[in-house]
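Coordinate inspection notes
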Amino acid sequence: MTDLSAFPITRKWPAQHPERLQLYSLATPNGVKVSILLEELGLPYEAHKVSFDSNDQLSPEFISLSANNKIPAILDPDGPGGQPLALFESGAILQYLAEKSGKLLSHDPAQRYQTLQWLMFQMGGVGPMFGQVGFFHFFAGKEYEDKRPRDRYVSESKRLLGVLDRHLKGREWMVDAYSIADIAIFPWVRNLVERYNARELVGFDEFKEVQRVLARFLERPAVQRGLKIPG
């Protein structure tokens, strides 16, 4: 039996299946990246809900695993060398799981780095900018009378959508094959238009290529399952 008792997070979220990878997350755009990837890979895992309503992300147990108190985080009982490995930051987790499984991150060096390029594009641009649109358009910031902050992030989000749209012309996915780059990017695109209700604000209907690939992404059974985890 795998023993994870040395990790304080298991005191708050006991592992019912300690031999499986442990996922600590919530169904946000960053959170579902990892659950979608796990579903795509078919790796056995156990999901634990980190509730923002009860500030679970600020608990000492969660911070013991995720120093930045952000979801998602994982605890892999079978990490490198057969030793448990704790990881936070969704981009790092995607790369780790893809490398661990040998799937969804090409072994061809050129394609591999192109995939990582678009992963970084999401982490450094799409996520932060789309998230700010969500704050200023949908959440508390929508009450601000001064719309200049909102418009700044809307403008940058439209620019990023344009980058994606141009790149996707004539392509099925972000790189030659479906990869962690798609899993990183398209939950955020979905959230921008469906959760933040920003379709009209960012002129989403102009970005036909992004719409096309988003629709294809959402048709995947593993994506449909992963979007609901943890419930």
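Residues numbered from 1 in each chain as written. Predicted model: local features only at pLDDT ≥ 70, side-chain atom pairs only at ≥ 80, totals over all residues. Heavy atoms only, no water.

Observations regarding the overall build of the protein
- Check the secondary structure of the protein and you find 9 helices and 4 strands.
- Secondary structure of the protein in N-to-C order comes out as α-β-α-β-α-β-β-α-α-α-α-α-α.
- Compactness check: the protein gives a C-alpha radius of gyration of 18 Å against a globular reference of 17 Å for 231 residues, within 12% of the reference.
- Principal-axis analysis of the C-alpha atoms gives the protein an extent of 55 × 45 × 25 Å.
- Here the protein holds 231 residues, and 48% of them are scored as buried.
- Counting contacts in the protein only where the partners sit at least 6 residues apart, residues at least 24 apart contribute 67% of the total.
- Accessible area for the protein stands at about 11200 Å²; split by element, carbon and sulfur atoms hold 50% of it.
- A distance of 3 Å separates the average location of the 28 positive side-chain charges in the protein from that of its 28 negative side-chain charges. (Helix = DSSP H or I, 4+ residues; strand = E, 2+ residues; numbered from the N terminus. Rg over C-alpha atoms; globule rule 2.2 N^0.38 Å. Buried < 20%, exposed > 50% of the residue type's maximum accessible area, 1.4 Å probe, protein only. Contact = heavy atoms within 4.5 Å. Areas by Shrake-Rupley, 256 points an atom, 1.4 Å probe, with all protein chains shown as cover. Lys, Arg positive; Asp, Glu negative; His and termini not counted. Charge placed at Lys NZ, Arg CZ, Asp CG, Glu CD.)

A few points about helix H6 (residues 148-168)
- Between its terminal C-alpha atoms H6 stretches 30 Å, which fits the 30 Å expected from 21 residues at 1.5 Å a residue.
- All of the buried residues in H6 are Tyr153, Val154, Ser157, Leu160, Leu161, Gly162, Val163, Leu164, Asp165, His167 and Leu168.
- Lining the buried residues of H6 we find helix H5 (109-137), helix H7 (180-195) and helix H8 (208-218).
- Directly after H6, the chain includes Gly170, whose backbone phi takes a positive value near 80°. (Expected span 1.5 Å × (residues − 1).)

Section: the sheet that holds strand S1 (residues 21-25)
- Spatially, 4 strands are ordered S2-S1-S3-S4 in an open sheet, and the strand pairing comes out mixed. Two strands lie at the open edges of the sheet, namely strand S2 (45-49) and strand S4 (85-88), each paired on one side alone. Each adjacent strand pair in this sheet contributes to an overall mean axis angle of 15°, direction not counted.
- Direction of pairing for strand S3 (residues 73-76) relative to S4: antiparallel, over a ladder of 4 bridges. Its bridge partner being in S4, Asp76 is matched across the sheet by Leu85. (Pairing = 2+ DSSP bridges. Axes fitted to C-alpha atoms, helices over the stretch in contact; angles between N-to-C directions.)

Here's the deal with the UniProt feature "domain: GST C-terminal" (unreviewed entry) in the protein
- The UniProt record marks residues 108-231 with the feature "domain: GST C-terminal" (unreviewed entry), using the residue numbering of this structure.
- Taken end to end, residues 108-231 has its terminal C-alpha atoms 36 Å apart, with 67% of it in helix and 0% in strand. (UniProt positions renumbered as here; feature names shortened; annotations may be inferred.)

Some details on the packing of aromatic side chains
- A full pass over the atoms with the stated rule returns 12 aromatic pairs.
- Measuring from ring centre to ring centre gives 6.2 Å for Trp13 and Phe62, while their planes differ by 75°; the resulting arrangement is edge-to-face. Taken as a pair, Trp13 in the loop between helix H1 (9-12) and S1 and Phe62 in helix H3 (residues 60-63) lie far apart in primary sequence, 49 residues in all. The two residues Trp13 and Phe62 agree in class, both being buried.
- With a centroid separation of 5.0 Å and 75° between ring planes, the pair formed by Trp118 and Phe121 is classed as edge-to-face. Here Trp118 pairs with Phe121, and both are found in helix H5, just 3 residues apart, close to one helical turn.
- Pairwise contacts between aromatic rings join Phe135, Phe136, Tyr144 and Tyr153 into one cluster.
- Looking at Lys12, its charged tip hangs above the ring of Trp13, at a distance of 5.4 Å from the centre.
- Just above the ring of Tyr178 sits the side chain of Arg220; from NZ or CZ to the centre is 3.7 Å. (Phe/Tyr/Trp six-rings, centres within 6.5 Å; stacked < 30°, edge-to-face > 60°. Lys NZ or Arg CZ within 6 Å of the ring centre and 35° of its normal.)

Brief notes about the nonpolar core
- Residues Leu97, Trp118, Phe130, Phe186, Val189 and Val210 are the most contacted members of the largest nonpolar core, which totals 59 residues.
- Breaking this core down by element, the ones donating at least two residues are S1, helix H2 (29-41), helix H4 (90-101), H5, H6, H7 and H8.
- The element contributing the most residues to this core is H7, with 10 residues.
- The next biggest cluster of nonpolar side chains, apart from the first, holds 11 residues, and it includes Ile9, Phe62, Ile71 and Ala73. (Core = buried A, V, L, I, M, F, W, Y, C linked by side-chain atoms within 4.5 Å.)

Examining the UniProt feature "domain: GST N-terminal" (unreviewed entry) in the protein
- What UniProt calls "domain: GST N-terminal" (unreviewed entry) maps, in this numbering, to residues 18-105.
- What you have in residues 18-105 is 33% helix and 20% strand, and the ends, taken at the C-alpha atoms, are 27 Å apart.

Describing a nonpolar patch on the surface
- Taken together, the side chains of Phe135, Phe139 and Tyr144 define a hydrophobic patch exposed on the protein surface, amounting to about 260 Å² of accessible area.
- Position of Tyr144 relative to the elements: it lies in the loop between H5 and H6. (Patch = residues over 30% accessible without salt bridge, like charges linked within 9 Å, V, L, I, M, F, W, Y side chains within 5 Å. Salt bridge = Lys/Arg side-chain N within 4 Å of Asp/Glu carboxyl O.)

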